[in-house]
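# Geometric and topological summary
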Amino acid sequence: MGQYAEVNGINLYYETHGTGHPLILLHGGLGSGEMFGPVLPALAARHQVIAVDLQGHGRTADVDRPLDLRTMGDDIAALIDHLGLDRPDLVGYSLGGGVALRAAVAHPEKLGRLVAASAHVRSDAIYAEMRAQQGQVTGAAAEFMKDTPMYQLYQRVAPRPEDFPRLLDKIGALMAEDFDLTEEVRNLRVPTLIVAADADMAPPSHYVEVFKLLDGGLRDGGWGNEGRPKGGHALAILPGLTHYSIFSSPLFAAVTLAFLDEPAG
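Just so it is clear, the structure is predicted and the values come from calculations on it, not from any experiment. (Residues numbered from 1 in each chain as written. Predicted model: local features only at pLDDT ≥ 70, side-chain atom pairs only at ≥ 80, totals over all residues. Heavy atoms only, no water.)

## A closer look at the pattern of salt bridges
Summed over the entire model, instances satisfying the criterion amount to 17 salt bridges. A salt bridge links Asp75 to Arg65, with the nearest nitrogen and oxygen atoms 2.4 Å apart. Here Asp75, found in helix H2 (residues 69–83), pairs with Arg65, found in the loop between strand S4 (47–53) and H2; they are 10 residues apart in sequence, far enough to count as distant. Residue classification places Asp75 among the buried positions, given a relative accessible area of 1%. Using a relative accessible area of 15% as the deciding quantity, one classes Arg65 as buried. (Salt bridge = Lys/Arg side-chain N within 4 Å of Asp/Glu carboxyl O. Helix = DSSP H or I, 4+ residues; strand = E, 2+ residues; numbered from the N terminus. Buried < 20%, exposed > 50% of the residue type's maximum accessible area, 1.4 Å probe, protein only.)

## Let's talk about the side chain of Asp53
Topologically, Asp53 is positioned in strand S4. Despite its burial, Asp53 remains without a salt bridge, the nearest opposite charge being carried by Arg59 at 4.8 Å. Sequence-distant contacts of Asp53, that is, excluding residues within four places in its chain, are made with Leu12, Tyr13, His27, Ser32, Gly33, Gly58, Arg59 and Thr60. (Lys, Arg positive; Asp, Glu negative; His and termini not counted. Contact = heavy atoms within 4.5 Å.)

## Considering the side chain of Gln134
Among the structural elements, Gln134 can be located in helix H4 (residues 128–134). Overall, the relative accessible area of 11% leaves Gln134 in the buried class. In this structure Gln134 touches Ile126, Met175 and Met201, once residues within four positions along its chain are discounted.

## Digging into the nonpolar core
By size, the foremost hydrophobic cluster in this structure holds 56 residues, and its most contacted members are Ile24, Leu26, Val52, Ile76 and Leu90. If you tally residues by element for this core, the top one is helix H3 (residues 95–106), at 6 residues. Setting aside residues up to four positions removed in sequence, Val52 forms contacts with Leu12, Tyr13, Tyr14, Ile24, Leu25, Leu26, His27, Gly33, Ile76 and Leu79. (Core = buried A, V, L, I, M, F, W, Y, C linked by side-chain atoms within 4.5 Å.)

## Describing the UniProt feature "domain: AB hydrolase-1" (unreviewed entry) in the protein chain
Here the UniProt-annotated "domain: AB hydrolase-1" (unreviewed entry) positions come out as residues 22–121. In residues 22–121, the share of helix is 32% and the share of strand is 21%. The end C-alpha atoms are 26 Å apart. (UniProt positions renumbered as here; feature names shortened; annotations may be inferred.)

## Details of the environment of His243
With respect to the element layout, His243 can be found in the loop between strand S8 (234–242) and helix H9 (250–260). Those residues in contact with His243 that sit more than four places away from it in its chain are Tyr93, Ser94, Ser118, Ala197, Ala199, Asp200 and Met201. Polar side-chain contacts of His243 include one of 2.9 Å to the side chain of Ser94. (Polar contact = N/O pair within 3.5 Å; in protein donor to acceptor, adjacent residues only side chain to side chain.)

## Regarding the pairing of strand S1 (residues 2–7)
Across 6 bridges, S1 lies against strand S2 (residues 10–17) in antiparallel orientation. Within the sheet, the bridge partner assigned to Glu6 lies in S2 and is Asn11. Remark: 2 residues form the turn of the hairpin made by S1 and S2, two consecutive strands paired antiparallel; Asn8 in that turn has positive phi of roughly 55°. (Pairing = 2+ DSSP bridges.)

## A word on the packing of aromatic side chains
By convention here, two paired aromatic rings are described through the distance between centres and the angle between planes. One pass over the full model with this rule turns up 5 aromatic pairs. Plain terms: the ring middles of Tyr4 and Tyr13 are 5.2 Å apart, the flat faces sit at 65° to each other, and that makes the pair edge-to-face. The class for Tyr4 is partly exposed, based on a relative accessible area of 42%. Taking relative accessible area as the criterion, Tyr13 reaches 8% and is therefore assigned buried. Aromatic side chains Phe36 and Phe252 sit 6.5 Å apart centroid to centroid with 25° between the ring planes, which places their arrangement in the stacked category. One end of the pair, Phe36, is in the loop between strand S3 (21–26) and helix H1 (40–44); the other, Phe252, is in helix H9, with 216 residues separating them in the sequence. Note on accessibility: Phe36 and Phe252 belong to one class, buried. An aromatic cluster is built from Tyr151, Tyr154 and Phe164, whose rings are joined through pairwise contacts. (Phe/Tyr/Trp six-rings, centres within 6.5 Å; stacked < 30°, edge-to-face > 60°.)

## Description of the packing of H2 against H3
It is at 8 Å that the axes of H2 and H3 come closest, and there the two elements cross at 70°. Classified by the angle their axes make, H2 and H3 are roughly perpendicular. On the side of H2, the interface is formed by Leu69, Arg70, Met72, Gly73, Asp74 and Ile76, while H3 contributes Leu95, Gly98, Val99, Arg102, Ala103 and Ala106. The residue makeup of the contact of H2 with H3, split by class, is 7 nonpolar, 2 polar and 3 charged. (Axes fitted to C-alpha atoms, helices over the stretch in contact; angles between N-to-C directions. Parallel < 35°, antiparallel > 145°, perpendicular 65-115°, else oblique. Nonpolar A, V, L, I, M, F, W, Y, C, P; charged D, E, K, R; others polar.)

## Structural notes on the environment of His17
Within the secondary structure, His17 sits in strand S2. Judged by its relative accessible area of 16%, His17 falls in the buried class. Taking C-alpha positions, His17 is 8.1 Å from Ala51, a pair spaced 34 residues apart along the chain. Beyond its immediate sequence surroundings of up to four residues, His17 is in contact with Met1, Leu40, Ala44, His47, Gln48 and Val49. A distance of 3.2 Å separates the side chain of His17 from the side chain of Glu15, its partner in a polar contact.

This is the structure:
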């Protein structure tokens, strides 16, 4: 089930499930492809799902470079070439959503459709108290995380379980960076579904703003869909969910499949 691909200077772990048009699935920070377990059967019933463990996460060992979303986006582009995939769809949550967005910005010709879930496009979009919490993430916090599912998963599957503090250092440095992808998103050439929980890490208004960058929410859609966003983009705010429950929700699987399997045009 699981295999490794040597791409872009990293030995990337991935698992393949199901058959159909390929869908690359990217997990959130401190997680792994396993976090999608509850929704994987629904996705794999309609697609060949390739669940990747990103740099330093899950079964993919870290390498001597920072955690950088652009570099990790390049990892995914290299994996697409390595596997000989023809414009797979790309679905990412949180950290994986950020990686997916950057892969779509840099390598649009390699992708079919994009689903970016719980991925903000400006560092100042998330609530101030969350930014403060993120600023405290360092390797020193490893000791306090021993009872968390993230720590226990890492200890069970990581090639070097002792690297957990190093991963925390790197993820903390990544979260501390200021960024603004407004212009890149405005120019996205891949049909994109923006997904968020109604109680996510950033307010719903942020994801509406992202949809507006994609020509969405600016006019009535029309009886024949003629007023829908020109690039085929869409928005879903999912009820009753948070940043920490959206990735395993049947609603997330349902809107993802509805968007990916909609006939082009």
